Amino acid sequence: MSEAAGDPERAVNGLLSVAQLLEEPRLARLYTFVLREGEVTIDDIVDALETARTTAYSDMGTLVDLGVLTRDEEQKTHTYSAVPITLTANLDGNEYTVTPTLVDAFGRSPQDQDLNLLLEKHGLGKLAAALTYAVPYAEGEMSERVAARELDLQHAFAIAVLQALREIVLDMKTVDPYFDNIRSAREEPPETED
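Residues numbered from 1 in each chain as written. Predicted model: local features only at pLDDT ≥ 70, side-chain atom pairs only at ≥ 80, totals over all residues. Heavy atoms only, no water.

Student: Lay out the overall build of the chain in plain terms, naming residues and giving numbers.
Tutor: For the chain, the helix and strand inventory stands at nine helices and four strands. In the chain, the succession of helices and strands from N to C terminus is α-α-α-α-β-β-β-β-α-α-α-α-α. Scaling as 2.2 N^0.38, a compact globule of 194 residues should have a C-alpha radius of gyration of about 16 Å, and the chain matches this with 18 Å. C-alpha extents for the chain along the principal axes are approximately 60 × 45 × 30 Å. (Helix = DSSP H or I, 4+ residues; strand = E, 2+ residues; numbered from the N terminus. Rg over C-alpha atoms; globule rule 2.2 N^0.38 Å.)

Student: Before we move on, could you go through unusual backbone geometry and cite the residues and values that matter?
Tutor: Backbone geometry at Glu 50 places phi at a positive 50°, although glycine is not the residue there. Tracing the backbone through its elements, the reader meets Glu 50 in the loop between α3 (42-49) and α4 (53-66). Phi at Asp 92 is positive, roughly 55°, even though this residue is not glycine. Mapped onto the fold, Asp 92 is located in the loop between β3 (87-91) and β4 (94-98). Residue class for Asp 92 comes out exposed when judged on its relative accessible area of 81%. (Buried < 20%, exposed > 50% of the residue type's maximum accessible area, 1.4 Å probe, protein only.)

Student: Could you give an account of α3, naming the residues involved and the relevant values?
Tutor: Since the α-helix advances by 3.6 residues per turn, residues separated by three or four positions end up pointing in the same direction. For α3, the set of buried residues is Ile 42, Ile 45, Val 46 and Leu 49. On an axial view of α3, the arc spanned by its buried residues comes to 100°, and they lie on one face. Contacts made by the buried residues of α3 are with α2 (25-37), α4 and β2 (79-82). Where α3 ends, the next residue or the one after it, Glu 50, has phi of about 50°, a positive value. (Arc of directions from axis to C-beta. Contact = heavy atoms within 4.5 Å.)

Student: Which residues make up the nonpolar core, and what values do they have?
Tutor: The biggest cluster of nonpolar side chains holds 62 residues, and the ones touching the most others in it are Tyr 31, Met 60, Leu 63, Leu 127 and Leu 165. Considering each element in turn, this core owes the most residues, 10 residues, to helix α9 (residues 155-172). (Core = buried A, V, L, I, M, F, W, Y, C linked by side-chain atoms within 4.5 Å.)

Student: If you had to explain the packing of α3 against α4 to someone new, which residues and values would you point to?
Tutor: For any two helices packed against each other, the geometry is given by the interaxial angle and the distance between the axes. Running from N to C, α3 and α4 cross one another at 120°; their axes reach a closest spacing of 9 Å. Between α3 and α4, the angle falls in the class oblique. Along this stretch, α3 crosses α4, giving a crossing that reads as right-handed. Of the residues in α4, those touching α3 at Ile 42, Asp 43, Ile 45 and Val 46 are Arg 53, Ala 56, Tyr 57 and Met 60. Residue composition of the contact of α3 with α4, by class: six nonpolar, no polar and two charged. (Axes fitted to C-alpha atoms, helices over the stretch in contact; angles between N-to-C directions. Parallel < 35°, antiparallel > 145°, perpendicular 65-115°, else oblique. Left-handed = near helix turned anticlockwise from the far one by under 90°. Nonpolar A, V, L, I, M, F, W, Y, C, P; charged D, E, K, R; others polar.)

Student: Now, about the side chain of Asp 104: what can you tell me, with residues and values included?
Tutor: As for its position among the elements, Asp 104 is in helix α5 (residues 100-108). With residues near it in sequence (within four places) discarded, Asp 104 still touches Thr 32, Arg 36, Ile 168 and Met 172.

Student: Tell me about the side chain of Thr 132, and name the residues and values.
Tutor: With respect to the element layout, Thr 132 can be found in helix α7 (residues 124-138). Exposure remark for Thr 132: the relative accessible area of 9% places this residue in the buried category. Here the side chain of Thr 132 touches Ala 129 through a polar contact of 2.5 Å, landing on its backbone oxygen. Leaving out residues up to four positions away in the same chain, Thr 132 has contacts with Tyr 96, Arg 183, Ser 184 and Ala 185. (Polar contact = N/O pair within 3.5 Å; in protein donor to acceptor, adjacent residues only side chain to side chain.)

Student: Could you give me a rundown of the environment of Leu 87, with the residues and numbers involved?
Tutor: Within the secondary structure layout, Leu 87 lies in strand β3. The class for Leu 87 is partly exposed, based on a relative accessible area of 24%. Between the alpha carbons of Leu 87 and Leu 115 there is a distance of 22 Å; along the sequence they are 28 residues apart. Here Leu 87 is in contact with Leu 15, Val 18, Tyr 96, Thr 97 and Val 98, once residues within four sequence places are set aside.

Student: I'd like to hear about a nonpolar patch on the surface, residue by residue, with values.
Tutor: Together, Val 12, Leu 15 and Leu 16 make up a nonpolar patch on the protein surface, roughly 250 Å² of accessible area in all. Relative to the helices and strands, Leu 15 is located in helix α1 (residues 8-21). Judged by relative accessible area, Leu 15 falls into the partly exposed class, the value being 39%. (Patch = residues over 30% accessible without salt bridge, like charges linked within 9 Å, V, L, I, M, F, W, Y side chains within 5 Å. Areas by Shrake-Rupley, 256 points an atom, 1.4 Å probe, with all protein chains shown as cover. Salt bridge = Lys/Arg side-chain N within 4 Å of Asp/Glu carboxyl O.)

Shown next, in the form of structure tokens:
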């Protein structure tokens, strides 16, 4: 492996791994499931996620190849565990960090019609923006009304998205080691309530 300062090979491979997780909801969902569970077997995945065994083996192999999961082959039944990932982008002085919480929100989108519609109509960037308001909303630091208004979506739809993300924020807060790196709207509070 390269011994260069900062290991650019590892950095770029990490970038590509995160990008692939954010392109395939099934892989994102599987990755965050393993992260939440700590250590799993293929049987755990098949039972909990109702996934075909061949799909589970294939997807787990892909995630191991991406470097976001490790496989322990010491026992007869292999166990898998997640490698916590983070990716920080700095664009024109604005920094945003992708953490497992965004990966989880993306992974849950096929099972949540509001998140799925948000992604279809507005893209992954809007999901990330919504997450910045969902964090203070879920933690009781911002009202639903203000958070919904700031998302610049139809009001009822914004509330539905916030409620879906609230569950994800609460689920991931204790398992995402980079949760505190998520940009939060509380850092740059919106205008006062009308």
